[in-house]
Amino acid sequence: MTGIDDLPIRDELRGKSPYGAPQLDVPVRLNTNENPYPLPEPLVRRIAERVTEAARGLNRYPDRDAVELRTALARYLTRTTGHPVELAGVWAANGSNEIIQQLLQAFGGPGRTAIGFEPSYSMHSLISRGTGTGWISGPRNEDFTIDVAAATAAIAERKPEVVFVCSPNNPTGTAVEAETVLALYEAAQAAKPSLVVIDEAYGEFSHRPSLLPLIEGRPNLVVSRTMSKAFGAAGLRLGYLAADPAVVDAVQLVRLPYHLSAVTQATALAALEHTDTLLGYVEQLKTERDRLVAELRATGLEVTESDANFVQFGLPQSLKGGGGGAPGEAGGSVPAIDAHAVWQALLDRGVLVRDNGVPGRLRVTAGTPEENDAFLDAVRDLMKELNR
Ligand SMILES: *Cc1c(COP(=O)(O)O)cnc(C)c1O
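Bear in mind that the values here come from a model prediction, so they are computed numbers and not experimental data.

(A) Geometry of the site of the ligand. Near the ligand there are 13 residues, and of these Ser 96, Tyr 202, Thr 226, Ser 228 and Lys 229 occur at the shortest range. Between an oxygen atom of the ligand and a side-chain N or O atom of Ser 228, the distance comes to 2.6 Å. Protein chains bury 95% of the 380 Å² of accessible surface belonging to the ligand in isolation. If you tally residues by element for the shell around the ligand, the top one is helix H3 (residues 95-107), at 3 residues. Residue composition of the shell around the ligand, by class: 4 nonpolar, 6 polar and 3 charged.

(B) Representation of the domain arrangement of the chain. Split by domain assignment, the chain resolves into domain 1 (18-39 + 277-387) and domain 2 (46-273). Spacing between the C-alpha centres of domain 1 and domain 2 amounts to 27 Å. On the domain 2 side, the residues contacting the 25 residues of domain 1 number 29 residues. Of the roughly 2,200 Å² buried where domain 1 meets domain 2, counting both sides, 62% is carbon and sulfur surface. Along the contact surface separating domain 1 from domain 2 lie 8 residue pairs in polar contact (both at pLDDT 80 or more). For the side of domain 1 that touches domain 2, the secondary structure elements donating two or more residues are helix H9 (275-298), strand S10 (310-314) and strand S12 (361-365). Per element, the largest residue contribution to the side of domain 1 that touches domain 2 is 7 residues, and it comes from H9.

(C) Inspection of the pairing of strand S2 (residues 90-93) at higher detail. Going residue by residue along S2, you find Val 90 and Ala 92 tucked away on one face and Trp 91 and Ala 93 tucked away on the opposite face as well. The sheet contact formed by S2 and strand S8 (residues 239-242) spans 4 bridges and is antiparallel. Its bridge partner lying in S8, Ala 92 is registered against Tyr 240.

(D) Geometry of the side chain of Arg 363. Relative to the elements of secondary structure, Arg 363 occurs in strand S12. The buried charged residue Arg 363 lacks any salt bridge partner; its closest oppositely charged side chain belongs to Glu 34, at an N-O distance of 8.9 Å. In this structure the side chain of Arg 363 is engaged in a polar contact, spanning 3.4 Å, whose partner is the side chain of Asn 33.

(E) Examining the packing of aromatic side chains more closely. Taken as a whole, this structure holds 6 aromatic pairs when the rule is applied. The ring of Phe 310 carries the charged tip of Arg 363 above its face, separated from the ring centre by 5.5 Å.

(F) Main features of the sheet that holds S8. Here we have 7 strands laid out as an open sheet, ordered S2-S8-S7-S6-S5-S3-S4, and mixed in their pairing. Strands at the two margins of the open sheet, each flanked by one partner only, are S2 and strand S4 (134-138). Averaged over neighbouring strand pairs, the angle between their axes works out to 25° when direction is ignored. Looking at chain direction, strand S3 (residues 113-117) and S4 are connected through 5 bridges and run parallel. Paired with Gly 116 across the bridge in S4 is Ser 137.

(G) View of the sheet that holds strand S9 (residues 302-303). Spatially, the 3 strands line up as an open sheet ordered S9-S10-S12, and their pairing is antiparallel. Looking at the sheet topology across the chains shown, the edges are occupied by S9 and S12. Summarising the sheet, S10 and S12 pair through 5 bridges and their orientation is antiparallel. Following the sheet pairing, Phe 310 is matched in S12 by Thr 365.

(H) Looking closely at the environment of Thr 78. Mapped onto the fold, Thr 78 is located in helix H2 (residues 67-81). A relative accessible area of 28% means that Thr 78 is categorised as partly exposed. The spacing of Thr 78 and Glu 49 is 29 residues in sequence and 27 Å in space, taken between C-alpha atoms. Other than its neighbours up to four places away in sequence, Thr 78 contacts His 83, Pro 84 and Val 85.

(I) Spotlight on H3. Taking 1.5 Å of rise per residue, the 13 residues of H3 would be expected to cover 18 Å, and the 19 Å separating its terminal C-alpha atoms lies within 8% of that figure. Taken residue by residue, H3 has Gly 95, Ser 96, Glu 98, Ile 99, Ile 100, Gln 102, Leu 103, Leu 104 and Phe 107 as its buried positions. Looking one or two residues past H3, Gly 109 carries a phi angle of roughly 105°, positive in sign.

(J) Here's a closer look at the side chain of Thr 226. One can find Thr 226 in strand S7 (residues 221-226). Overall, the relative accessible area of 2% leaves Thr 226 in the buried class. Of note is the side chain of Thr 226, whose polar atom sits 2.9 Å from the backbone nitrogen of Ser 228. From its side chain, Thr 226 meets the backbone oxygen of Leu 238 in a polar contact 3.5 Å long. The contacts of Thr 226, once residues within four sequence positions are left out, are Ser 96, Ala 201, Leu 238, Gly 239 and Tyr 240.

About the criteria used
Residues numbered from 1 in each chain as written. Predicted model: local features only at pLDDT ≥ 70, side-chain atom pairs only at ≥ 80, totals over all residues. Heavy atoms only, no water. Near = heavy atom within 4 Å. Polar contact = N/O pair within 3.5 Å; in protein donor to acceptor, adjacent residues only side chain to side chain. Areas by Shrake-Rupley, 256 points an atom, 1.4 Å probe, with all protein chains shown as cover. Helix = DSSP H or I, 4+ residues; strand = E, 2+ residues; numbered from the N terminus. Nonpolar A, V, L, I, M, F, W, Y, C, P; charged D, E, K, R; others polar. Domains from an automatic or database assignment. Contact = heavy atoms within 4.5 Å. Buried area = accessible area lost by both parts, 1.4 Å probe. Buried < 20%, exposed > 50% of the residue type's maximum accessible area, 1.4 Å probe, protein only. Pairing = 2+ DSSP bridges. Lys, Arg positive; Asp, Glu negative; His and termini not counted. Salt bridge = Lys/Arg side-chain N within 4 Å of Asp/Glu carboxyl O. Phe/Tyr/Trp six-rings, centres within 6.5 Å; stacked < 30°, edge-to-face > 60°. Lys NZ or Arg CZ within 6 Å of the ring centre and 35° of its normal. Axes fitted to C-alpha atoms, helices over the stretch in contact; angles between N-to-C directions. Expected span 1.5 Å × (residues − 1).

As structure tokens, this is what we get:
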């Protein structure tokens with residue numbers, strides 16, 4: 001049988017695996033940070049209307065510059081961040097993953113590098129690799145905040161062309177302070193200058209204001225957003241960025257013509273008409289997120305503070321087998337158990353969470369109150385068994 005490595009594939013792709021959060025059929029799926037609430041019926045009907053209208057014109061290519069949609073996105077950003085954003089400073093694509101790809105096509109590429117502070121969103125490194133951009137893994141503190149001194153030193157030394165800052169950070173949930181972004185931006189300008197991309201996929205779930213106002217007077221700062229999480233529309237594939245209009249001009253040099261279908265544009269416009277209802281779900285999810293943090297802590301687990309719609313948790317030291325040795329290695333009096341074994345034990349109890357490969361940690365998405373109860377019950381059941 002022919003394998004990938006038998007093909008004349010690019011060397012840097014040999015032996016690599018594709019992005020792959022498992023899509024398993026289990027009762028409670030809390031593994032990909034989706035919004036658990038289906039779109040409300042009035043919005044579903046509005047999408048049908050808008051798409052019907054768009055269908056009448058599908059013999060023609062869509063609006064290449066998605067002007068109506070970008071105008072609506074600019075209005076949404078202006079309203080929710082308090083910072084005036086205009087059409088010329090907004091760009092939209094098929095998910096923020098495509099936004100990131102277009103940015104790397106324009107600002108990264110062969111002979112250039114990008115840096116991110118890990119653990120963070122794995123697509124930043126994967127899309128870097130896919131665009132031939134070298135990847136630099138920058139450090140974080142023990143508490144998963146960005147180590148500003150180490151990060152600025154890494155930027156000064158390695159001089160990357162692109163700097164990724166994920167806030168709130170996936171998979172840890174950690175928000176980044178504005179002062180940290182400014183320090184990284186200054187370091188990146190002094191070193192190169194380079195493009196700093198703030199991935200605010202979870203911005204709407206944060207306790208803190210958006211970092212978007214920082215783009216003012218900083219032409220090399222980009223904020224990327226998505227309708228996949230807060231708008232509950234992961235299936236729509238709509239991401240966008242806000243930046244200096246020159247950045248929007250730059251991505252137009254690499255985007256495929258007519259990349260955003262008329263159906264996508266019509267659907268996103270319908271969703272934006274229902275912003276208030278959708279942001280109401282965000283408030284419910286924030287409450288559930290805070291409840292997950294509190295109740296997981298009450299069971300004795302180590303929980304990272306979260307500004308997103310998910311929570312990172314780890315086993316207490318007493319259950320990690322003492323010495324932090326390899327999985328299965330005997331530590332203290334309690335047998336060692338690693339994150340993946342906990343992931344499997346929760347799956348056996350009908351709850352799918354995410355193992356992002358962060359040692360000793362797992363990530364759970366805030367679901368409906370019922371889903372979260374099922375998850376918490378599974379955790380308590382497992383903890384009882386482990387403490388026995
Ligand atoms: C989910 C997520 C995205 C969203 O990607 P889309 O392509 O818009 O669905 C982007 N960045 C981060 C950090 C994410 O977790």
